[in-house]
Structures are given as C-alpha cells and as structure tokens.
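Chains, contacts and geometry: an overview
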Amino acid sequence: MAKFSDRICALRKEKKMTQQKMADFCGIQLRSYQAYEYNNIFPEVPRLLRLADYFNVSLDYLMGRSDVRDYQRSEDYDRT
C-alpha cells in the first residue's frame, strides 16, 4: 500500500493544486507542506481530518492503511 506522502501528492495533483496552494489551504508554510510530501513529518489530527474531507477520502486511505478510497460517513457520526 502507498504511504501518506505518496497519497497526498497524488491527490493534490488530481485536484491540480500547487504545493503553495495546499499549504495556504492548510494554513501552514510551504516548507511544512513539502515535508508532508517528502515523508518528513505528518500533520496533526485536525489537519488530517481537513485534508481527508477536502479530498473526500477516508483517513485510512489517506494514511495508506487501505486502498479503498471512498469515504463513507456513518449515520451515527453526528449523534451526541
């Protein structure tokens, strides 16, 4: 299975986004975003969730734990 860095790079390219635009979207410096794609660091959980939502993929797919790309929200997810 792919690594997080491979997945985020491929997803960014599918959306035709530059690294700078992704950094802006994430609210971080370009070098920090590049470190994600170069497999040097991982985003914190809130940023991971934002990226998964942006790309409409599951966290497992984004992190390379699954090859199933589809995001399926549980009906129980929003219940408190």
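Quick caveat: nothing in here was measured; it's all calculated off a predicted structure.

1. Some points on the pattern of salt bridges
Under the criterion given, the structure shown has four salt bridges. Close ionic contact of D67 with R7 constitutes a salt bridge, the shortest N to O distance being 2.7 Å. Of this pair, D67 sits in the segment after helix 5 (59–62) while R7 is found in helix 1 (residues 4–14), placing the two residues 60 residues apart along the sequence. Among the ionic pairs, R12 bridges to E37, the shortest N-O distance being 2.5 Å. Note that R12 is positioned in helix 1 and E37 in helix 3 (residues 30–37), a separation of 25 residues in sequence. Assigned by exposure class, R12 and E37 land together as buried.

2. Focus on the packing of helix 2 (residues 19–26) against helix 4 (residues 45–55)
When two helices pack together, their arrangement is given by the angle between the helix axes and the distance between those axes. Closest axis-to-axis distance for the helix 2/helix 4 pair is 11 Å, and the angle between their directions is 120°. Comparing the axis directions of helix 2 and helix 4 gives the class oblique. The chirality of how helix 2 crosses helix 4 is right-handed. Contact residues: helix 2 offers M22, F25 and C26, while helix 4 offers R47, R50, L51, Y54 and F55. The residue makeup of the contact of helix 2 with helix 4, split by class, is six nonpolar, no polar and two charged.

3. Points about the packing of aromatic side chains
All chains considered together, the criterion is met by five aromatic pairs. For the ring pair F4 and Y36, a centre distance of 6.3 Å and an interplane angle of 65° mean the geometry is edge-to-face. Here F4 is found in helix 1, whereas its partner Y36 is found in helix 3, with 32 residues between them in sequence. According to the relative accessible area criterion, Y36 is buried, its value standing at 3%. Judged by centre distance (4.5 Å) and plane angle (40°), the rings of F25 and Y54 are tilted. Of this pair, F25 sits in helix 2 while Y54 sits in helix 4, placing them 29 residues apart in sequence. On the basis of relative accessibility, which here comes to 22%, the residue F25 falls in the partly exposed class. An aromatic cluster is present here, built from F4, Y33, Y36 and F42 joined pairwise through their rings. The ring centre of Y54 lies 4.8 Å from the NZ or CZ of K15, which sits over that ring. Just above the ring of F25 sits the side chain of R50; from NZ or CZ to the centre is 4.1 Å.

So, how was this worked out
Residues numbered from 1 in each chain as written. Predicted model: local features only at pLDDT ≥ 70, side-chain atom pairs only at ≥ 80, totals over all residues. Heavy atoms only, no water. Salt bridge = Lys/Arg side-chain N within 4 Å of Asp/Glu carboxyl O. Helix = DSSP H or I, 4+ residues; strand = E, 2+ residues; numbered from the N terminus. Buried < 20%, exposed > 50% of the residue type's maximum accessible area, 1.4 Å probe, protein only. Axes fitted to C-alpha atoms, helices over the stretch in contact; angles between N-to-C directions. Parallel < 35°, antiparallel > 145°, perpendicular 65-115°, else oblique. Left-handed = near helix turned anticlockwise from the far one by under 90°. Contact = heavy atoms within 4.5 Å. Nonpolar A, V, L, I, M, F, W, Y, C, P; charged D, E, K, R; others polar. Phe/Tyr/Trp six-rings, centres within 6.5 Å; stacked < 30°, edge-to-face > 60°. Lys NZ or Arg CZ within 6 Å of the ring centre and 35° of its normal.

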